[in-house]
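# Commentary on secondary and tertiary structure
Next come the chains, spelled out residue by residue.
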Amino acid sequence: MGDSINAARVNSENTSAGPTETVADILERQLDVVIKEWLARVEKEPDLTAIPLNYQERTGHLPQLLHDVIRRLRMDEGSKAPISEAAAHHGDLRSRQGYTVAMAVEESRLLQVSIFSTLHRSESHLDFNAILPAVVTIADEVDAQLKQQMLRFMAADEAKVAKAAKAAKAAKAAKAA
């Protein structure tokens, strides 16, 4: 098996750290913490809270998106990253909920901040030389997820425009008849 992208490991010399963990293991173990921190950050953003959503509607997508990040961290270096279907579905959902592109970008930014904050709290347990590749992988995966969301936003916008044009054409034809 090749070298994992996530070679960053918890420093095993620190007895309070327990067994050696990868960044992926830390994120998996801290999944609920990341989600709660993300939600707390979202709730401070008036643009995001302008659309009233319950807890499940606001956070239900995060476990799968984070599992996609974790899976990416565990991939062998040089492996082609799969496209996140969860991100595409999330883009569809947020579009239907009335989000703007700027709002989706802000949510994505807050997810990265929440992930990095979680890792920062573990920094004394991490090998600095090994963590940077994991951070790059996380940023790349979250940005790739955002791309999938934006592709769905654009497809939804195109469908709305086509539907409006068809309705206008039908109204014009009915008026002419």
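Counting restarts for each chain: residues are numbered from 1 in the order of the written sequence. A pLDDT threshold of at least 70 governs which residues receive local features in this predicted model, and a stricter bar of 80 or more applies before side-chain atom pairs are shown or counted, although totals over entire chains, interfaces and linings include all residues. Side-chain measures here rest on the full set of heavy atoms in the structure, leaving out hydrogens and waters.

### Thoughts on the overall build of the protein
Counting from the N terminus, the helices are the DSSP runs of H or I reaching at least four residues and the strands are the DSSP runs of E reaching at least two. Scanning the protein from N- to C-terminus turns up 8 helices and 0 strands. Of all 177 residues assigned to the protein, the portion counted as buried reaches 41%. Values of accessible area rely on a 1.4 Å probe in the Shrake-Rupley scheme; residue burial ignores everything except the protein chains shown. With an accessible surface of roughly 10,300 Å², the protein has 58% of that area assigned to carbon and sulfur atoms. Residue exposure (1.4 Å probe, protein chains only): buried if accessible area is under 20% of the type maximum, exposed if over 50%, otherwise partly exposed.

### Examining the nonpolar core
By nonpolar core is meant a set of buried Ala, Val, Leu, Ile, Met, Phe, Trp, Tyr and Cys residues that side-chain atoms within 4.5 Å join together. By size, the foremost hydrophobic cluster in this structure holds 33 residues, and its most contacted members are Val23, Leu27, Leu73, Ile115, Leu119 and Ile138. When residues of this core are traced back to their parent elements, those giving at least two are helix H1 (23–29), helix H2 (31–42), helix H5 (62–73), helix H7 (101–121) and helix H8 (128–176). The dominant element in this core, judged by the number of residues it contributes, is H8, at 7 residues.

### Details of the confidence of the model for the protein
Confidence per residue, as judged by the predictor, is encoded in pLDDT with a range of 0 to 100. On average, residues of the protein score 85 in pLDDT, and 88% of them are at 70 or above. Averaged pLDDT values over the elements of the protein bottom out at 84 in H8 and peak at 98 in H2. Any two residues whose heavy atoms approach within 4.5 Å are treated as being in contact. In this model residues 5–15 is a low-confidence stretch, pLDDT under 50, and it forms 36 contacts with partners more than four residues away in sequence or in other chains.

### Considerations on H2
Its 12 residues place the ends of H2 16 Å apart at the C-alpha level, agreeing with the 16 Å of an ideal helix rising 1.5 Å per residue. The set of residues buried in H2 consists of Leu31, Val34, Ile35, Glu37, Trp38, Leu39 and Val42. Contacts made by the buried residues of H2 are with H1, helix H3 (46–49), helix H4 (55–59), H5, helix H6 (85–96) and H7. Between the first and last residue of a helix there are one fewer steps than residues, each counted as 1.5 Å, and that sum is the expected span.

### Some thoughts on the packing of aromatic side chains
In this scheme Phe, Tyr and Trp rings, the latter by its six-membered ring, pair at centre separations within 6.5 Å, and the angle between planes marks the pair as stacked below 30 degrees, edge-to-face above 60, and tilted otherwise. For the structure shown, the criterion picks out 0 aromatic pairs. One cation-aromatic arrangement involves Arg94 over Tyr99; the distance from NZ or CZ to the ring centre is 4.7 Å. Whether a charge lies above a ring is judged from NZ of Lys or CZ of Arg, which has to be within 6 Å of the ring centre and within 35 degrees of the ring normal.

### Overview of the side chain of Glu37
Turning to its location among the elements, Glu37 is positioned in helix H2. Among the polar contacts listed, one links the side chain of Glu37 to the side chain of Arg41, at a separation of 2.9 Å. Setting aside residues no more than four positions away along its own chain, Glu37 makes contact with Val113, Ser114, Ser117, Thr118 and Arg121. Within 3.5 Å is the distance limit for a polar contact, defined as a pair of N or O atoms, with the added protein rule that one can donate a hydrogen and the other accept it, and that residues adjacent in sequence qualify only through two side-chain atoms.

### Some words on the environment of Glu37
Given a relative accessible area of 14%, Glu37 falls into the buried group. Sequence separation of Glu37 and Leu111 is 74 residues, and the distance between their C-alpha atoms is 8.8 Å. Here the side chain of Glu37 touches Ser117 through a polar contact of 3.3 Å, side chain to side chain.

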